[in-house]
Amino acid sequence: MCFGIPAMYHIDGIQEIIGLNLNEDESGRFAASCGVIRSNMEKLNWVQQATSTG
């Protein structure tokens, strides 16, 4: 599972990368949400192999 970085695209490529300014609490909640999604995907056999951590 991968969560990408939001960006604005232009005909010539990436115009602007939109950073997520999350505080420590928000970052922790986001990570927890990713964990719930990953867990559910594993239960459905949608995850074949973990490719990264974090």
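These figures come from a predicted structure and were not determined experimentally.

**Let's talk about the overall build of the protein**
Now for step 1: Along the backbone of the protein there are one helix and two strands.
Now for step 2: Its helices and strands taken in sequence order, the protein reads β-β-α from the N to the C terminus.
Now for step 3: For the protein, the proportion of its 54 residues judged to be buried stands at 4%.
Now for step 4: With an accessible surface of roughly 5,000 Å², the protein has 53% of that area assigned to carbon and sulfur atoms.

**Some details on helix α1 (residues 24-43)**
Now for step 1: Between its first and last C-alpha atoms α1 spans 29 Å; for 20 residues at 1.5 Å apiece the expected length is 28 Å, and the two agree.
Now for step 2: For α1, the capping residue at the N-terminal end is Asn-23, with a side-chain oxygen 3.0 Å from the backbone nitrogen of Asp-25.
Now for step 3: Asn-45, located one to two residues past α1, shows a positive phi value of around 60°.

**A closer look at the pairing of strand β1 (residues 7-10)**
Now for step 1: Sheet analysis places β1 next to strand β2 (residues 13-17), joined by four bridges and oriented antiparallel. Within β2, the residue paired with Met-8 across the bridge is Glu-16.
Now for step 2: Between the antiparallel neighbours β1 and β2 lie two residues.

What counts, and where the lines are drawn
- Residues numbered from 1 in each chain as written.
- Predicted model: local features only at pLDDT ≥ 70, side-chain atom pairs only at ≥ 80, totals over all residues.
- Heavy atoms only, no water.
- Helix = DSSP H or I, 4+ residues; strand = E, 2+ residues; numbered from the N terminus.
- Buried < 20%, exposed > 50% of the residue type's maximum accessible area, 1.4 Å probe, protein only.
- Areas by Shrake-Rupley, 256 points an atom, 1.4 Å probe, with all protein chains shown as cover.
- Expected span 1.5 Å × (residues − 1).
- Polar contact = N/O pair within 3.5 Å; in protein donor to acceptor, adjacent residues only side chain to side chain.
- Pairing = 2+ DSSP bridges.

It is worth stressing that arrangement in space is one thing and function is another; only the former is reported here.
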